[in-house]
Amino acid sequence: MGNGLSDQTSILSSLPSFQSFHIVMLGLYCAGKTTVLYRLQFNEFVNTVPTKAFNTEKIKVNLRNSKTVTFHFWDVGGQEKLMPLWKSYTRCTDGILFLVDSVDTERMEEAKTELHKITRLSENQGVPVLIVANKQDLGNSLSLSEIEKLLAMGELSSSTPWHLQLTCAIIGDGLKEGLEKLHDMIIKEKSVSKKKKKVDNPAYLQRNPLKSKHKAEYNSMHSMFLECQRYNTKVPCTQFIVSGYQKQNNNNNNKNLQRILKGQKQFEETQQASEPDSDMTEMLELLDWKF
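Report follows, based on the coordinates.

What counts and how
- Residues numbered from 1 in each chain as written.
- Predicted model: local features only at pLDDT ≥ 70, side-chain atom pairs only at ≥ 80, totals over all residues.
- Heavy atoms only, no water.
- 1 Å grid on protein atoms, 1.4 Å probe; cavity = no way out; pocket = protein on both sides within 12 Å on 5 of 7 lines; lining within 4 Å.
- Points joined across faces, edges and corners; volume = space filled by probe spheres on them.
- Helix = DSSP H or I, 4+ residues; strand = E, 2+ residues; numbered from the N terminus.
- Nonpolar A, V, L, I, M, F, W, Y, C, P; charged D, E, K, R; others polar.
- Buried < 20%, exposed > 50% of the residue type's maximum accessible area, 1.4 Å probe, protein only.

Examining empty space enclosed by the protein
Throughout the structure, instances matching the rule amount to 2 cavities of 30 Å³ or more. Reported here for the largest cavity is a volume of approximately 70 Å³. Those elements that place two or more of their residues in the lining of the largest cavity are strand 5 (95-101) and helix 3 (108-119). Residue contributions to the lining of the largest cavity peak at 3 residues, all from strand 5. Here the residues of the lining of the largest cavity sort into 7 nonpolar, no polar and 3 charged. Size it by volume and the second largest cavity reaches roughly 50 Å³. Lining the second largest cavity we find Val36, Leu40, Leu97, Leu130, Val132, Gln165, Thr167, Gly174, Leu175, Gly178 and Leu179. Going through the elements one at a time, helix 1 (33-42), strand 6 (129-134) and helix 5 (175-199) are the ones with two or more residues in the lining of the second largest cavity.

Here is the structure:
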C-alpha cells in the first residue's frame, strides 16, 4: 500500500466515536505492521508492499460492551534506515503497538533491542505497549512464553505497562483482544497521570481533601505551602520550604530536603521572587517533586 493519508472509516463499526487515541505501530520490516493496519481498516486481508516511510489511518473499532473507540494509527517503516526516526513518531503518543514475527527467531534479538530502546526513552516512560506476536497461523511459530523470554519482557521498566498478544493478521485472530488490552492500559495510565498532576500541584492541597496513603507527606507539604503564604512576597519562598521541612521532619538527611537544598541555588539564579505560591510551584516543577 502507499505511504499516504486516508480518511476511510473501518467497517468494524458505523457507530459514532467518542474517544480517539494516537497509536504508533513499530517493529522490524516484514513483521506484518501494514497487514495489521489494513486488516483493521477493511476487515479483510490486503496484499501490501514494504513501507518506505509511513501509513496512517483513523479506524473505528468496536470493543467490549459495544464501546466504539477511534484509533489513529501511524504505521512506521521498519527498515534499518528508518529506525532512528521512530522516536519522532512516539512523542506524545497514547500507546505503542510493537509487532514481532513469531517465526523469525534469527531476528528476535534485534527486535528485543529495538523494543527496549524505544521504551527506555524518557518521553516514552509510562506509555503502554502492546506487543503483537504475528504469524501464529504458521506451524513453526513460537509460543507466548518463548516470545516473552526472547524479548526479555520482564526487563522492561516498571513504569511501562505492557501486554503480549498472539495474533494472525491475515485472518484477524487476536487483534481485537489486543486492542482491548491496549485501550484498558491507556485509560488506566491516563487516570494515574491525571491524579499525579493534581497531587503534585501545591494549590491542589488547599482545595481538596487529603485522600492519599501518603497523608503525612501531603500534610507536611500543605503546612509549608501555608507558611510560604504568610511571609514577605519579596523573599524567595524556597528558604521557607526548607525551614518548613526541617520543622516538620527534624531530619537534615531527609532525601526530599536534600533535593530541595540542591535545587535552591539553581532556582534562585533563574527565577525572580514574586508571589510565594507561584515561586513554590515553579521550584517544585524544577525539582520534579515526587513523594
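So, helix 1
The buried fraction of helix 1 amounts to 9 of the 10 residues, a majority that puts the element mostly inside the structure. Those residues of helix 1 lying buried are Lys33, Thr34, Thr35, Val36, Leu37, Tyr38, Arg39, Leu40 and Gln41. Downstream of helix 1 by a residue or two, Asn43 has a phi angle that is positive, lying close to 60°.

Nothing here speaks to function; it is geometry throughout.
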